[in-house]
Amino acid sequence: MTDSPLRRPIRELPDELISQIAAGEVVERPASVVRELVDNALDAGSTQITVRLLGGGVRLIAVEDDGIGIPKDELAQALKRHATSKISSLAELEAVGTMGFRGEALAAIASVAEVSLLSRTGDAPHAWLLDARSGELSPGARQRGTTVEVRELFYATPARRKFLKSDTTELAHCVEAVRRHALARPDVGFAIWHEGRLVAQWRASLVARGEDALEATRARLADVLGDDFVTEAVTLQWPADGSLARGLRVRGFAGVPDAARSRADQQFAYVNGRYVRDKVIGHAARAAYEDVLHGHRQPVYALYIDIDPARVDVNVHPTKIEVRFRDSREVHQAVQQAVQSALAVPRAGQALAALPAAAAVPVAPLAPAEPAWAPPVRQAGFSFAPREPEAGQRVSDVAALWAPAADTATAAPAFRSAAPAAAPLPEGDWPLGRAIAQLQGVYVLAENAHGLVIVDMHAAHERIVYERLKRQLDARAVQSQPLLIPATFSATPEEVATADTAAATLAALGLEVTPLSPRTLAVRAVPTTLAQGDPVALARSVLGELAQHEATQVLQRAEHELLATMACHGAVRANRRLTLDEMNALLRQMEVTERSDQCNHGRPTWRQLGLRELDALFLRGR
C-alpha cells in the first residue's frame, strides 16, 4: 500500500510567479518579444519601426518607433498585468481591431528580462525613462515615440534559456517575425540591426491607401520576398469590386502553379492585418490549387482578409496566431473562390488582353453553347478524328459515355475549328502564336511575338476536355441514388453530431446519412456519379472535413477524379499527326480555356522559349 501524497494547501500565487507563468505562454523565444513589441508600435500609429538586436535578441532587443508615445504618468501603469489602452469593455473585446489588447505582454516580458521604457508624447518637453526592475523614473532624450529595451532575456529563468538555439537561428526567427508584419503594412517602414549592422530594411510606401493599396502591397512583397514572387503571382480580389459591403473581402496574390515549392514556407495569410495560421484559410487555399498542382508541391500566396471584427474571435490563442471565425464556411468559400478565379484565367489569355486593340483579333468561339452532353458529329477542321483505327478513344466519344440516346445527325457539334479548313488564320499576334510544325507526334511548335512556343498536345487537349466535362457536370443538379441496402458503420460521437447538424449540407451534396443509434450511422443515399464507390469511406471523408472545416471538397474531388480519367482517355493521343489547322485550333482553344496552363495532373501544357534564349543557344551576339 503506497502512502497517500502530502496535501498542500490551496493558496493564491504571487504576482511575479503569475507573470512568469504567463511569460511561458507569451514569450517562447526572442522572436516572440519582437512580435509583441512591434504589435504595440503599430497600434501606436508608427510610420517607422527600428529593431536593434544583440546576440540574436538574447542579450538585447530594442524596438524604436515614432508613434504617439506614452504619457509620463502612464509609464508605470504600462508594465502592470492586464493594463492596456486598447479595450475597456467586453463589447470592445468582441470587436477588437488592434494588434494587441490583453495588456499582459510587457508585464510578462519584464518578469523574465530587464526592461526599460523611454517614451515621449507630442506635447511633452522631453522624454521619460522608466526602469522596470527598480521602478525609477528619470528624464530622457528622444523624439516623439517610444523605445522599449529588453536585456538578458530569461535571466530570471535560466532553465528556459537553455532551450534557445544559436544566435544565428534566433536572429532568423526575429527577422521572420518582422517580415510578417512588413508584408501586411506597406505604409510603415521597418529596419533590423544586429550587432551594429543593418540586416534588413523595407521603406514605407508613399501610396498605401484606397485603390492603390494593392499596388503598394505588391511593391512590399517584391521588396521582402523578391521580384520572382510577384512576377510569378496573379492578383486576386473577392468580391470583384473590392468592396466590404458583405462584411468580408479577400485580396492578395496567388503564385502560379509553376512557382510551387517543396515546403510551405511562403504561405502568408492575414486577417485584419494580423498574421495567422488558420486551418480554414489553409484548407481553402489548398482546395483552390487542387486541380493545378503536381504531386505534393506547396503553393505560394499572400492573402489579406478583411472582415468585420465582430465576426472573428482573435482571443483564442496566447500568441494570437490563431483565430476563430463566426461563419467558417463563408470564409472558406470566399478564399477558395478568390484563389480559384485568379488561377482560372489562362496566362496566354492575359497576354492577349495586353495587346494593342489593332493587334487583338477577335477569336471565333471554339466551344459554343450547346445542349449538355450532346454527342458531336464528325466534321472538318479541329475534330481530331483519326485517319485510321488506333488504340484509345476519340475526343468525340467522351460525351457519348454520358449522353442519352439521340439522333447523331441532328446533334450540335461539340468541337469547332477557329476557321474553315481552307481559310488561313486572321492576322494578329496570338498569345500562343501560329503552329509551324509537330515534333515526334507529341509536341506542337508555334511561333509568337516572343519566340518559340512548345505545347504538349495531349496534356493541353486533356485540360480542354476536362474543363468542358466539369462545366457540363456543374450545369446539372446533383442527383442522389438511394441504396438498396443502407450501409451502416460504427461512428464516433463527433461524426454522429456532424451528421445531425450538417444534414442540410449533406442533402445538398446528394448524401443521406442518418443515425441508427448513438454510435451507428447509416448511409441511405449517395450521389449518382459516385454510386459505384464505397459509401462508408465516402461518408467518413465528408463528415471528417465538415467537422474540421465546415466545408468539404470530398465529393467534388471524387467527381473530378472520374472526369479527369475520362478526359485523359478522351484526349488526343501521342503520335497522332495533326494538320496545321488542327494545331492552330488547339492553340486558340488553350487561350480561352480556364486553367489551360496545366494539365489535370498539374504538369505544364506549354513553355515559351524567348528569342534571347534561342540566341544564347547559338552564341549569337557574342
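The structure under discussion appears in the preceding block.
This report concerns the structure included in the present document. Bear in mind that the values here come from a model prediction, so they are computed numbers and not experimental data.

Cut-offs applied
- Counting of residues starts from 1 at the beginning of each chain's written sequence and follows it residue by residue.
- Local features in this predicted model are restricted to residues whose pLDDT is 70 or higher, and side-chain atom pairs enter the listing and the counts only when it is 80 or higher, whereas totals over whole chains, interfaces and linings include all residues.
- By convention in this description, side-chain values take in all heavy atoms of the structure and omit both hydrogens and water.
- Secondary structure elements are defined from DSSP: runs of H or I of at least 4 residues count as helices, runs of E of at least 2 residues count as strands, and each element is numbered from the N terminus.
- In this scheme, a residue with accessible area under 20% of its type's maximum is buried, one over 50% is exposed, and one in between is partly exposed, where area comes from a 1.4 Å probe on protein chains only.
- In this description, contact between two residues means that some pair of their heavy atoms is separated by no more than 4.5 Å.
- Per-residue and other accessible areas were derived by the Shrake-Rupley procedure at a 1.4 Å probe size, with only the shown protein chains allowed to occlude residues.
- For this analysis, a polar contact is any N or O atom pair within 3.5 Å, provided that within protein one partner can donate a hydrogen and the other can accept it, and provided that sequence-adjacent residues contribute only side-chain to side-chain pairs.
- If DSSP finds at least two bridges between two strands, the strands pair.
- For helices, the fitted line uses only the C-alpha atoms of the stretch in contact; every axis is such a line through C-alpha atoms, and the angle between N-to-C directions lies from 0 to 180 degrees.
- Here the nonpolar core consists of buried residues drawn from Ala, Val, Leu, Ile, Met, Phe, Trp, Tyr and Cys, with membership extended through side-chain atoms lying within 4.5 Å.
- Throughout, the arc means the angular range of directions from the helix axis out to the C-beta atoms.
- Orientation is classified from the angle alone, with under 35 degrees giving roughly parallel, over 145 giving roughly antiparallel, 65 to 115 giving roughly perpendicular, and any other angle giving oblique.
- Basically, the charged four are Asp, Glu, Lys and Arg, the nonpolar ten are Ala, Val, Leu, Ile, Met, Phe, Trp, Tyr, Cys and Pro, and anything else, Gly included, counts as polar.
- The rule is short: rings of Phe, Tyr and Trp, with Trp giving its six-membered ring, pair when the centres are within 6.5 Å, and they are stacked under 30 degrees, edge-to-face over 60, tilted in between.

**A look at the overall build of the protein chain**
1) Next: On a plain count of helices and strands, the protein chain comes out with 20 helices and 22 strands.
2) Next: Here the protein chain holds 622 residues, and 49% of them are scored as buried.
3) Next: Of all intrachain contacts in the protein chain linking residues separated by at least 6 positions in sequence, the fraction that spans at least 24 positions is 70%.
4) Next: If you sum the accessible surface of the protein chain, you get close to 31100 Å²; carbon and sulfur atoms cover 53% of it.

**Considering the environment of T84**
1) Next: With respect to the helices, strands and loops of the structure, T84 is situated in the loop between α3 (75–78) and α4 (90–94).
2) Next: C-alpha of T84 to C-alpha of F101: the two residues are 17 residues apart in sequence and 6.7 Å apart in space.
3) Next: What T84 contacts, discounting residues up to four positions off in sequence, is F101 and G103.

**Looking at helix α10 (residues 279–288)**
Three or four residues apart is the spacing at which side chains of an α-helix point the same way, because the helix has 3.6 residues per turn.
1) Next: Within α10, seven of the ten residues are buried, which leaves the element mostly enclosed by the surrounding structure.
2) Next: Those residues of α10 lying buried are V280, I281, H283, A284, A285, A287 and A288.
3) Next: Its side-chain oxygen placed 3.0 Å from the backbone nitrogen of V280, D278 serves as the N-cap of α10.

**Some details on the sheet that holds strand β16 (residues 434–439)**
1) Next: Spatially, β16-β17-β18-β22 is the arrangement adopted by the four strands of the open sheet, whose pairing is antiparallel. In this open sheet, the two strands that pair with only one neighbour each are β16 and β22 (606–610). Across the sheet, the mean angle separating the axes of adjacent strands is 25° when strand polarity is ignored.
2) Next: The strands that helix α14 (residues 457–474) touches are β16, β17 (443–448) and β18 (451–456); relative to β18, the one it contacts most, it runs at about 65°.
3) Next: Along the sheet face, helix α19 (residues 580–592) touches β16, β17, β18 and β22 and points at about 115° away from the line of β16.

**Observations regarding the nonpolar core**
1) Next: Among the nonpolar cores identified, the biggest contains 96 residues, and L37, I49, V150, F190, L221, I281 and V339 are the most heavily contacted of them.
2) Next: The dominant element in this core, judged by the number of residues it contributes, is helix α7 (residues 167–184), at eight residues.
3) Next: Among all residues touching V150, those that are not within four sequence positions of it are V33, L37, R59, L60, I61, I109, A113, E114 and V115.
4) Next: Formed by 19 residues, the second largest nonpolar core is a distinct cluster that contains F489, A499, V513 and L530.

**Re helix α15 (residues 493–501)**
1) Next: Considered for burial, the residues of α15 that qualify are E495, V496, T498 and A499. Take α15 and look down its axis: the buried residues cluster within an arc of 165°, on one side only. For α15, the exposed residues lying more than 90 degrees away from the buried face are P493, E494, D500 and T501.

**Structural notes on the packing of α7 against helix α8 (residues 213–225)**
1) Next: At a minimum axis distance of 8 Å, the contact between α7 and α8 shows a crossing angle of 160°. In terms of orientation, α7 lies roughly antiparallel with respect to α8. Across from R179, A182 and L183 in α7, the residues of α8 making contact are T217, R220, L221, V224 and L225.
2) Next: Considering only residue class, the contact of α7 with α8 consists of five nonpolar, one polar and two charged.

**Re the side chain of D291**
1) Next: Structurally, the position occupied by D291 is in the loop between α10 and β13 (301–307).
2) Next: Relative accessible area serves as the criterion here: at 14%, D291 is assigned to the buried category.
3) Next: One polar contact links D291 to Y466, side chain to side chain, over a distance of 3.0 Å.
4) Next: Excluding its chain neighbours within four sequence positions, the residues that come into contact with D291 are R463, Y466, K470, H560, R595, C599 and N600.

**Comments concerning the packing of aromatic side chains**
1) Next: Scanning all chains against the criterion turns up three aromatic pairs.
2) Next: The interplanar angle of 65° and the centroid separation of 5.7 Å between the aromatic rings of Y270 and Y275 together place this pair among those described as edge-to-face.
3) Next: According to the relative accessible area criterion, Y270 is buried, its value standing at 1%.
4) Next: By relative accessible area, which is 13% here, Y275 ends up buried.

**Notes on the sheet that holds strand β10 (residues 248–255)**
1) Next: Reading across the sheet, the five strands line up as β9-β10-β13-β11-β12 and stay open at both edges, with mixed pairing between neighbours. The outermost strands of the open sheet, each flanked by one partner alone, are β9 (233–238) and β12 (274–276). Strand-to-strand twist in this sheet, taken as the mean axis angle between neighbours without regard to direction, amounts to 20°.
2) Next: Direction of pairing for β9 relative to β10: antiparallel, over a ladder of six bridges. Opposite Q237, over in β10, you have R251 as the bridge partner.
3) Next: Across the sheet, α7 is in contact with β11 (267–271), β12 and β13; its angle to β11 comes to roughly 60°.
4) Next: Relative to β13, α10 is tilted by about 125°, and along the sheet it contacts β11, β12 and β13.

**So, the environment of N40**
1) Next: Mapped onto the elements, N40 comes out in helix α2 (residues 30–43).
2) Next: Among the residues examined, N40 registers a relative accessible area of 29% and is labelled partly exposed.
3) Next: Counting along the chain gives 60 residues from N40 to G100, while the straight-line C-alpha distance between them is 6.4 Å.
4) Next: Residue contacts for N40: discarding those within four places in its chain leaves K86 and L106.

**Some details on unusual backbone geometry**
1) Next: Here the amide bond leading from W238 into P239 is cis, since omega sits at -5°, within 30 degrees of zero.
2) Next: One can find P239 in the loop between β9 and β10.
3) Next: Even without a glycine there, the phi angle at E195 is positive, about 55°.
4) Next: Looking at the secondary structure, you find E195 in the loop between β7 (189–194) and β8 (197–202).

**Quick word on the pairing of β16**
1) Next: Here β16 runs beside β17; their pairing, made up of five bridges, is antiparallel. Counted as the bridge partner of A437 is L445 from β17.
2) Next: Turn length for the β16-β17 hairpin, with the two strands adjacent in sequence and antiparallel, is three residues, and the turn residue Q440 shows positive phi of about 55°.

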